[in-house]
Amino acid sequence: MDRLKVIWLLIILGNLFDYVVTLLFSYFGILYMDHNIFIGYNTNFPTVLLTLTGEKLLFLSGIYWFSKLFDYLKISKYKWVGLLPFAIITIIVCVFDLLGLVFL
């Protein structure tokens, strides 16, 4: 598999993992989200579900259109380099989620 597909797979699976773990934390009442300005201290499940769905859709569509910029500039062979920061952020968020699951 080429690098671009691996990075896309990492970004999508990492965001799905973060989505599921955050919804589980919210459902069981152990979510602490004071750093999210959209949710604030209101961590009831429907609010978290709607806000998190919107955030993830905006994030993934933003990454998609950012990667299309590389095609427009005719440097599409370096598209994987442009997606690296998003993959690194996804990995960091997944590590924090795993630490939250382990030390819960």
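As a reminder, the structure under discussion sits directly above these lines.
First, a word on what this report is: a plain description of the structure on this page.

## Remarks on the overall build of the protein
Thinking step 1. Looking only at helices and strands, the protein has three helices and zero strands in total.
Thinking step 2. Written out in order from the N terminus, the α and β elements of the protein read α-α-α.
Thinking step 3. A burial count over the protein gives 29% of its 104 residues as buried.
Thinking step 4. When contacts within the protein are restricted to residue pairs at least 6 apart in sequence, those whose partners lie at least 24 apart make up 62%.
Thinking step 5. Counting only carbon and sulfur atoms, one obtains 75% of the accessible surface of the protein, whose full area is about 7300 Å².

## Thoughts on the pattern of salt bridges
Opposite charge on two side chains permits pairing when their charged atoms draw close.
Thinking step 1. Applying the stated rule across the entire model yields three salt bridges.
Thinking step 2. For Lys-68, the salt bridge identified is with Asp-71, shortest N-O distance 3.8 Å. Of this pair, Lys-68 and Asp-71 both sit in helix H2 (residues 45-72), three residues apart, roughly one helical turn.
Thinking step 3. For Asp-71, a relative accessible area of 30% gives the class partly exposed.
Thinking step 4. For Lys-79, the salt bridge is made with Asp-71, and the minimal N-O distance between the two is 3.0 Å.
Thinking step 5. Through salt bridges with shared partners, one network takes in Lys-68, Asp-71 and Lys-79.

## Comments concerning the packing of aromatic side chains
Thinking step 1. Within this structure, the stated rule accounts for six aromatic pairs.
Thinking step 2. Their ring planes at 75° and their centres at 5.3 Å tell us that Tyr-27 and Phe-28 sit as a pair that is edge-to-face. For the residue pair Tyr-27 and Phe-28, the accessibility class agrees, reading exposed in each case.
Thinking step 3. Aromatic pair Phe-66 and Phe-70: ring centres 5.5 Å apart, planes at 80°, arrangement edge-to-face. Taken together, the positions of Phe-66 and Phe-70, both in helix H2 and four residues apart, correspond to about one turn of that helix.
Thinking step 4. Judged by relative accessible area, Phe-66 falls into the partly exposed class, the value being 31%.
Thinking step 5. Residue Phe-70 is classed as buried on the basis of its relative accessible area, which comes to 14%.
Thinking step 6. Here the guanidinium or amino end of Arg-3 rests over the ring plane of Trp-80, the centre of that ring lying 4.5 Å away.

Definitions and cut-offs
- Residues numbered from 1 in each chain as written.
- Predicted model: local features only at pLDDT ≥ 70, side-chain atom pairs only at ≥ 80, totals over all residues.
- Heavy atoms only, no water.
- Helix = DSSP H or I, 4+ residues; strand = E, 2+ residues; numbered from the N terminus.
- Buried < 20%, exposed > 50% of the residue type's maximum accessible area, 1.4 Å probe, protein only.
- Contact = heavy atoms within 4.5 Å.
- Areas by Shrake-Rupley, 256 points an atom, 1.4 Å probe, with all protein chains shown as cover.
- Salt bridge = Lys/Arg side-chain N within 4 Å of Asp/Glu carboxyl O.
- Phe/Tyr/Trp six-rings, centres within 6.5 Å; stacked < 30°, edge-to-face > 60°.
- Lys NZ or Arg CZ within 6 Å of the ring centre and 35° of its normal.

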